[in-house]
Number of protein chains: 2
Amino acid sequence: MELLYEGKAKKLYRTNCPDEVLMEFKDDATAFNGKKKTQFQNKGAINKQLTCLLYRMLEERGIPSHFVRDVDEIRIIVRRVEIIPVEVVVRNWVAGSLAGRIGRPEGTPLSAPMVEFYYKKDELNDPLITTEHLRELNLATDGEVSVIRDMAMRINGFLGEFFEKVGIRLVDFKVEFGRLHSDRSRIILADEITPDTCRLWDIRTGRKLDKDRFRRDLGEVMESYSDVLGRVSHALSV
Amino acid sequence: MELLYEGKAKKLYRTNCPDEVLMEFKDDATAFNGKKKTQFQNKGAINKQLTCLLYRMLEERGIPSHFVRDVDEIRIIVRRVEIIPVEVVVRNWVAGSLAGRIGRPEGTPLSAPMVEFYYKKDELNDPLITTEHLRELNLATDGEVSVIRDMAMRINGFLGEFFEKVGIRLVDFKVEFGRLHSDRSRIILADEITPDTCRLWDIRTGRKLDKDRFRRDLGEVMESYSDVLGRVSHALSV
């Protein structure tokens, strides 16, 4: 199979269908722009399952994503898109880089959900950008930015409500969007939705159930990812 | 005289009039959030003169500022304001932090002037913020942000045109705004307009005539500030 792209956590392979690609979830874990690296057995499989479950849940609520069908333990078929090189972050509570930027301690609730854009560019360390930077860089049209912002906020609503039902606080998350290969005017949700890309805290205990366990050496990384998968799959199977 | 505030480059003193304060320009030069420090003889005097001249020029074009009147070599009377803790940067060419943020070399022209907001907070290293951060921090209302953005763009137009006439390219500049003490609903231009707060390049030679000479150890700092003052005062006296 021809490898089309290899990222930090996923690989994309060509398929026989020009509008579809095979996405493989790796066990690799990286943080701080690749400076911290390791592997976790089963991470790829857990993240694949979570992404499938959450994409299906969102699709049912009218959020179009690149997910087509399940293949095996670590691989799915997704629609081919041209990824817009912007990491779209939605935040409900202060955490991560926002704490240092606005000078509020981690865990402070925001008065309203907040959307941020980061320029997906390793050489530049994925910096925060404003819509004016986005425009200057021609990363997306104003219309696309508006669609993306709107979709990100709707995803936040659905995901936040869903995670709350399973006792998890959706602190923040990152999503990426792409232009459909077969129709560039259509923007759909792409990439993954996993504890690698969301900050998820147990509502009762406050325990972190996401990649911060790896970033901050808190241990029990895969146990926490499994915990999330267990709760999500149970909620969606009933 | 009672000192009301001391910043890195200026001091403010109380006057007999509750709506006016005395602003003194210091010879101190600082860069990189105070990590690099020195003094330049005459810097306060040059910057005071430039600020007076440019504020008067802008006032004639309908930009309200805090400038009231000249006092002596290094001091002016200004209207008392409550400073909005946001550094408003307008950029016409890529320089400084923007080069690293969007990955374009210094000196690249922007397709349109760009306004950026930085949170004026030394402890946080004056980070870039979006209008959503600004709103979360309650730094200004949406209406105020719109007034500020509009005024910053008009200032850019007037300043850019003026500097061009004296052979200087206005690469970018930083301004601050305040709410008038006697009427908080009125927003006016405050702070200073000097080579400390503008990037100014000689159009013919490309020579930097601003604080980057100090930041980057290029030498002849005061000679360049004097050059700017000479051209500005000559243009305004004819």
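What comes next concerns the included structure. (Residues numbered from 1 in each chain as written. Chains lettered and ligands numbered in written order. Predicted model: local features only at pLDDT ≥ 70, side-chain atom pairs only at ≥ 80, totals over all residues. Heavy atoms only, no water.)

## A short note on the sheet that holds strand E3 (residues 20-25) of chain A
Residues and elements named next belong to chain A. Taken together, 5 strands build an open sheet; the order of strands is E1-E2-E3-E7-E6 and the sheet is antiparallel. The sheet terminates laterally at strand E1 (3-6) and strand E6 (67-72), the two strands that pair on one side only. Adjacent strand axes in the sheet meet at a mean angle of 25° when their direction is disregarded. As paired elements, E3 and strand E7 (residues 75-79) share 5 bridges and run antiparallel to each other. (Pairing = 2+ DSSP bridges. Helix = DSSP H or I, 4+ residues; strand = E, 2+ residues; numbered from the N terminus. Axes fitted to C-alpha atoms, helices over the stretch in contact; angles between N-to-C directions.)

## Quick word on the sheet that holds strand E7 (residues 75-79) of chain B
The strands making up a sheet are joined through hydrogen bonds of the backbone, oriented either antiparallel or parallel. Residue and element names in this part refer to chain B. Pairing in this open sheet of 5 strands is antiparallel, and the strands run E1-E2-E3-E7-E6 from one edge to the other. The open sheet is flanked by strand E1 (3-6) and strand E6 (67-72), the only strands paired with a single partner. Direction aside, the axes of adjacent strands within the sheet are offset by 25° on average. Here strand E2 (residues 10-14) pairs with strand E3 (residues 20-25) via 5 bridges, running antiparallel. Residue pairing across strands places Leu 12 opposite Met 23, the latter belonging to E3.

## A few points about the relation of the copies chain B and chain A
Superposition of chain B onto chain A requires a rotation of 180° combined with a translation of 0.0 Å along the rotation axis, giving an RMSD of 0.0 Å. Expressed as an axis order, the relation between the two copies is that of a two-fold axis. Residue Thr130(B) of chain B places its C-alpha closer to the rotation axis than any other residue of that unit, at 3.1 Å. A high fraction, 100%, of the interface residues of chain B reappear at the interface in chain A, so the copies pair face to face through one surface. (Least-squares fit on C-alpha atoms with pLDDT ≥ 70 in both. Contact = heavy atoms within 4.5 Å.)

## As for empty space enclosed by the protein
Residues and elements named next belong to chain B. As enumerated under the stated definition, the model contains 2 cavities of 30 Å³ or more in all. Estimated volume of the largest cavity: approximately 60 Å³. Lining the largest cavity are Ile 84, Val 86, Val 88, Phe 117, Leu 134, Ala 140, Val 145, Ile 148 and Phe 177. Elements that contribute at least two residues to the lining of the largest cavity include exactly strand E9 (86-93) and helix H4 (142-165). For the lining of the largest cavity, the class distribution of residues is 9 nonpolar, no polar and no charged. Estimates place the volume of the second largest cavity at around 30 Å³. (1 Å grid on protein atoms, 1.4 Å probe; cavity = no way out; pocket = protein on both sides within 12 Å on 5 of 7 lines; lining within 4 Å. Points joined across faces, edges and corners; volume = space filled by probe spheres on them. Nonpolar A, V, L, I, M, F, W, Y, C, P; charged D, E, K, R; others polar.)

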